[in-house]
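# Survey of secondary and tertiary structure
Spelled out, the chains give:
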Amino acid sequence: MTAAAPASRRPAKPRRSPFVSVGLGAFVIITLISLSEEWGIGLDIGSLLEDIGRGLPIIAQLLDPNWDFLPRVIEPLIETFQIAVVAAFIGCAVALPITFFAARTTVPNRATLAISRGILSVVRAIPDFLYALIFVAAVGIGPLPGILALIFFNVGVVAKLLSETVDAIDTGPIEAADAAGSRRTQMVRWAVLPQVLPNYVAFSLYAFELNVRASTVLGFVGAGGIGFLLRTQYQFLQWSNVSVIIICLFVIVFAIELVSIRLRRRLV
Amino acid sequence: MPAQRPQRPSNLKRNLWIASAAALFLWASLTVDVDITDLASLPAGLWAILSEMFPPDPAYLANAVPQMIQSIQMAWLGTIIGAALSLPLGFLGAKNVSSGLVSSILRQFLNAIRAFPELILAIAIFIPIAGLGPVAGTLAIGVHSAGTLGKLTAEAIEGIDPGPVEAARAVGGRGLQVQRWGVLPQVLPELIGFWLYRFEINIRAGAVLGVVGAGGIGFLLDQTIKFGRWPQAGTTILVVIVATIVVDTISGAVRRRIIEGADVKIMPEAEVLVDPALAAR
C-alpha cells in the first residue's frame, strides 16, 4: 500500500460505490433483526448488566479450584492427548493425497476439481461435534468415535489450507517437470510436494492444536477425553472441580501452542 | 575447480524428528483405550443410520430452520462483539502503536483468551450470568473471537507502511487522530476480511453451543441423534450443511470483493501459520 502521488489541488472525493451502501444497509438490518426480542436472540445490554451479579457466586467458586480433584483429571487428560495425536496423524495423512485432487495447479480437469472441492466443502460444513454424535451412534461411546470425528475434521481443515497453498506455488518447477517428461504423480512428487512440505507440517501442527481444543466438545457427547468429566462435574454443579479441569486444559493448550510455534518457526 | 556433484546435506536432524513423531503416534495409538475390533461395526452402524435418515422428514424444517437462523444470528452478533473488542485490543497490542511492555502484556492476554474454547466460556461464565439461551452463546462467541481477532489485528497493524503515520504526525495529528487517519485506512480492508473469516468460523461454533443449552441448532442435533429420531436428524443435518455452505460462499465472495486488488487472504490464520515472522510473535 503506497501513498498516492501528491496533487496540487484537493481532488474531488470519489463517489461511494453502491456496493458499500448496500453492504452497510444489510449490515444494519441484519444486526437489528438479530438483536430484537421477537425475531432474534433478544440481547439486551441493560438487563445483562443487572444479571451480572447472578454469575458472581459461581465465578467465585471457579476461582477457588479444588486441587484434591487433580488426580482424577490426569487420566482423561492423557486420553484427550492420545485422541488428538492419533486423529491428527491419520487425518493429515489422508488429507495429503486429497489435496492434490482439490488444487487448480495439480488437477487440469475442471469437473474433477469441482467435485472434489464440493465434497471438501461438505466435509468442512459439518462441525466436529456433529461427526462425534454420528460416530457415537454408530460405534458406541469411548475414544474411538472421538478419533473418527477428529479425522474428518482434520481432513477438512488441512486439505482446504493446503490446496490453497498449492494453488499459489511457483509454477516453474511444474513446467520443468512437464518438460522433462514426468507423469502427473511424478510431477506432484518432485515439483509440488517439496514446495508445500513445510506448510503441510505447519498445518498438521495447527490441526493437532485444534484437536486438543475440540476435545472439550467431544466428551460432552460421549466421544472420550476430558470433556466427559467436564460434563459430569458441570451437571453436578461442582464448580471447584470444573475449575481444575479448565486450568489443566488451559495449561496443556498453552504448552502445545508454545511448542508448535517453536517448531513452525524452525520449519518455514 | 571441476564441476562436482555437491554433497548431500545431512538428514540426521530431520530423520530424528520423523522418528520421534512416529514414536509419538505409535505410543498414542497403542495405548489409547480403543478396541480396534469395534471398528468392524462402523460400516454397518453408519449404513443403518444413513438408511434411516433418508428420506429426511420435511415437516421438521419448521423446527430446524428457525434454530439454524438463531445459530447464524449468534455468530453474527458474536462476531460484531468480537470485532468491536478487538479494535482497541489490537491497536494497543501492536508494537508500533503502543509501548513494547503494554503490547507484550496484551498479546499474552489475547493468547489466554484464545485458549478457552467457546464451550468453556459458555458453561463457566456466560450461562451463569445470562442463563441458558442464545445470549450466553453469543457472548461466549464474542469473547473468544476478540482473542483471535485482536491477535490478527495487532499483526496487521505491525505490518503497515509508517509513511502515512509520519505524515499525520507532521500535519499536527494527535493520538487518536494519527490512528484514525494514518493507521486505520491502511488496515481496514484486511480487518473486514478477518471479521468475515471469523464469522464463517463462528457459524460452526454457533451450531455447537446448543449442546450445552447456549442457543442455536446444536440442541436439535444433540436431541434428535441421541434419541434416534433419524429422519428428523437428517433434516437438521442437511439444514446445517446447506446453511453453512451458503454463508461461506457469500462471505467468501464479499471478502474477495473487498480486498480486490490486494492479496486475497482466503484464510488469514493460514497466513499467520506459515509466516515465521508472524508465528513467532
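Residues numbered from 1 in each chain as written. Chains lettered and ligands numbered in written order. Predicted model: local features only at pLDDT ≥ 70, side-chain atom pairs only at ≥ 80, totals over all residues. Heavy atoms only, no water.

### Things to note about the overall build of chain A
Counting secondary structure elements, chain A contains ten helices and zero strands. In sequence order, the secondary structure elements of chain A are arranged as α-α-α-α-α-α-α-α-α-α. Its C-alpha radius of gyration of 25 Å places chain A more than 25% over the 18 Å reference for a compact globule of 268 residues. When each of the 268 residues of chain A is scored for burial, the buried share is 50%. For chain A, the share of sequence-separated contacts (at least 6 apart) that also reach a separation of at least 24 residues comes to 72%. When the accessible surface of chain A is split by element, carbon and sulfur atoms take 66% of a total near 13800 Å². (Helix = DSSP H or I, 4+ residues; strand = E, 2+ residues; numbered from the N terminus. Rg over C-alpha atoms; globule rule 2.2 N^0.38 Å. Buried < 20%, exposed > 50% of the residue type's maximum accessible area, 1.4 Å probe, protein only. Contact = heavy atoms within 4.5 Å. Areas by Shrake-Rupley, 256 points an atom, 1.4 Å probe, with all protein chains shown as cover.)

### Quick notes on the overall build of chain B
Looking only at helices and strands, one finds twelve helices and zero strands in chain B. The N-to-C order of helical and strand elements in chain B reads α-α-α-α-α-α-α-α-α-α-α-α. Relative to the compact-globule value of 19 Å for 281 residues, chain B shows a C-alpha radius of gyration of 24 Å, a clear excess of over 25%. For chain B, the spread of C-alpha atoms along the three principal axes comes to 70 × 65 × 40 Å. Expressed as a percentage of contacts within chain B between residues at least 6 apart in sequence, the contacts between residues at least 24 apart total 74%. Here chain B displays about 13400 Å² of accessible surface, and carbon together with sulfur accounts for 69% of that area. Both charge centroids of chain B, one from 20 positive and one from 19 negative side chains, sit 9 Å from each other. (Lys, Arg positive; Asp, Glu negative; His and termini not counted. Charge placed at Lys NZ, Arg CZ, Asp CG, Glu CD.)

### A short note on the side chain of Gln179 of chain B
Along the chain, the position of Gln179 of chain B falls in helix α8 (residues 175–208). Once you skip the residues sitting within four places of it in the chain, Gln179 of chain B turns out to touch Phe91, Val97, Leu184 and Pro185 of chain B.

### Comments concerning the nonpolar core
Counting 131 residues, the largest nonpolar core has Val73, Phe129 and Phe220 of chain A together with Ile217, Ile225 and Ile237 of chain B as the members making the most contacts within it. Sort the elements by how many residues they give to this core and helix α8 (residues 184–220) of chain A lands first, with 17 residues. Listed in part, the 16 residues of the second largest apolar core include Phe91, Val178, Val183 and Leu184 of chain B. (Core = buried A, V, L, I, M, F, W, Y, C linked by side-chain atoms within 4.5 Å.)

### Re the pattern of salt bridges
All names here are of chain B. In total, this model carries twelve salt bridges over all chains according to the counting rule given. Where Arg204 meets Asp248, a salt bridge forms, and the shortest distance between an N and an O atom there is 2.9 Å. With Arg204 in helix α8 and Asp248 in helix α10 (residues 230–258), the pair connects residues that are 44 residues apart, well separated along the chain. Side by side, Arg204 and Asp248 carry an identical accessibility label, which is buried. (Salt bridge = Lys/Arg side-chain N within 4 Å of Asp/Glu carboxyl O.)

### Section: helix α4 (residues 100–115) of chain B
If you check α4 of chain B, its first and last C-alpha atoms are 23 Å apart, about what 16 residues at 1.5 Å a residue would give, namely 22 Å. For α4 of chain B, the full list of buried residues reads Ser103, Leu106, Arg107, Leu110, Asn111, Ile113, Arg114 and Ala115 of chain B. On the buried face of α4 of chain B, the contacting elements are α8 and α10 (239–267) of chain A together with α3 (61–93) and α6 (134–158) of chain B. (Expected span 1.5 Å × (residues − 1).)

### Concerning the interface of chain A and chain B
Taken together, the contacts link 78 residues of chain A with 78 residues of chain B. Along the contact surface separating chain A from chain B lie two salt bridges. The element contributing the most residues to the side of chain A that touches chain B is α10 of chain A, with twelve residues. A class-by-class count of the residues in the side of chain A that touches chain B yields 55 nonpolar, ten polar and 13 charged. (Nonpolar A, V, L, I, M, F, W, Y, C, P; charged D, E, K, R; others polar.)

### With respect to the environment of Val201 of chain A
By secondary structure assignment, the location of Val201 of chain A is in helix α8. Considering only alpha carbons, one finds Val201 of chain A and Ile52 of chain A, 149 residues apart in sequence, at a separation of 44 Å.

### A look at unusual backbone geometry
Of note, the bond from Phe54 of chain B into Pro55 of chain B is cis; its omega dihedral lies within 30 degrees of zero at 0°. Here Pro55 of chain B is to be found in the loop between α2 (41–53) and α3. Residue Leu237 of chain A is not a glycine yet carries a positive backbone phi of 55°. The residue Leu237 of chain A is located in the loop between α9 (226–235) and α10 in this model.

### Thoughts on the environment of Ile141 of chain B
All names here are of chain B. Relative to the helices and strands, Ile141 is located in helix α6. Judged by its relative accessible area of 0%, Ile141 is buried. Sequence-wise, Ile141 and Ala23 are 118 residues apart; in three dimensions their C-alpha atoms are separated by 37 Å. The residues contacting Ile141, other than those within four sequence positions of it, are Met74, Ala75, Gly78, Glu118, Asn202, Ala205, Gly206 and Leu209.

### Here we look at the packing of α8 of chain A against α10 of chain A
Residue and element names in this part refer to chain A. Between α8 and α10, the least distance of the axes is 10 Å, while the angle of their chain directions is 175°. One element, α8, and the other, α10, form an angle in the roughly antiparallel class. Along its contact with α8, which presents Pro198, Val201, Ala202, Leu205, Tyr206, Phe208, Glu209, Val212, Arg213, Ser215 and Thr216, the element α10 presents Leu249, Ile252, Val253, Ile256, Glu257, Ser260, Leu263, Arg264 and Leu267. Residue composition of the contact of α8 with α10, grouped by class: 13 nonpolar, three polar and four charged. (Axes fitted to C-alpha atoms, helices over the stretch in contact; angles between N-to-C directions. Parallel < 35°, antiparallel > 145°, perpendicular 65-115°, else oblique.)

### A look at the confidence of the model for chain B
Any residue range with low pLDDT should be treated as having predicted coordinates unsuitable for detailed reading. Residue and element names in this part refer to chain B. Model confidence for chain B is summarised by a mean pLDDT of 86, while 91% of its residues fall at 70 or above. Confidence, expressed as mean pLDDT per element, reaches its minimum in chain B at helix α12 (residues 276–279) with 40 and its maximum at α3 with 94. Ignoring residues within four places in sequence, the model shows residues 261–266, a span with pLDDT below 50, making eleven contacts including any to other chains. Contacts from residues 275–281, a stretch scored under 50 in pLDDT, to residues over four places away or in other chains number 15 contacts. Interface confidence in the predicted complex, given as ipTM, is 0.83; pTM for the same model is 0.85. (pLDDT = per-residue confidence, 0-100.)

### Digging into a nonpolar patch on the surface
Residues Ile74, Ile78, Phe89, Ile90 and Val94 of chain A together with Leu24 and Trp27 of chain B make up a contiguous nonpolar surface patch of about 520 Å² in total accessible area. Broken down by secondary-structure element, the contributors of at least two residues to the nonpolar patch are α3 (70–101) of chain A together with α1 (12–31) of chain B. The dominant element in the nonpolar patch, judged by the number of residues it contributes, is α3 of chain A, at five residues. Positionally, Phe89 of chain A belongs in helix α3. Using a relative accessible area of 32% as the deciding quantity, one classes Phe89 of chain A as partly exposed. (Patch = residues over 30% accessible without salt bridge, like charges linked within 9 Å, V, L, I, M, F, W, Y side chains within 5 Å.)

### Things to note about the packing of α10 of chain A against α4 of chain B
Contact pair α10 of chain A / α4 of chain B: the axes reach a minimum separation of 9 Å and the direction vectors enclose 120°. Compared by their axis directions, α10 of chain A and α4 of chain B come out oblique. You can see that α10 of chain A and α4 of chain B cross each other, and the crossing is right-handed. On α4 of chain B, the residues touching Phe250, Val253, Phe254 and Glu257 of chain A of α10 of chain A are Gln108, Asn111, Ala112, Arg114 and Ala115 of chain B. For the contact of α10 of chain A with α4 of chain B, the residue count by class is five nonpolar, two polar and two charged. (Left-handed = near helix turned anticlockwise from the far one by under 90°.)

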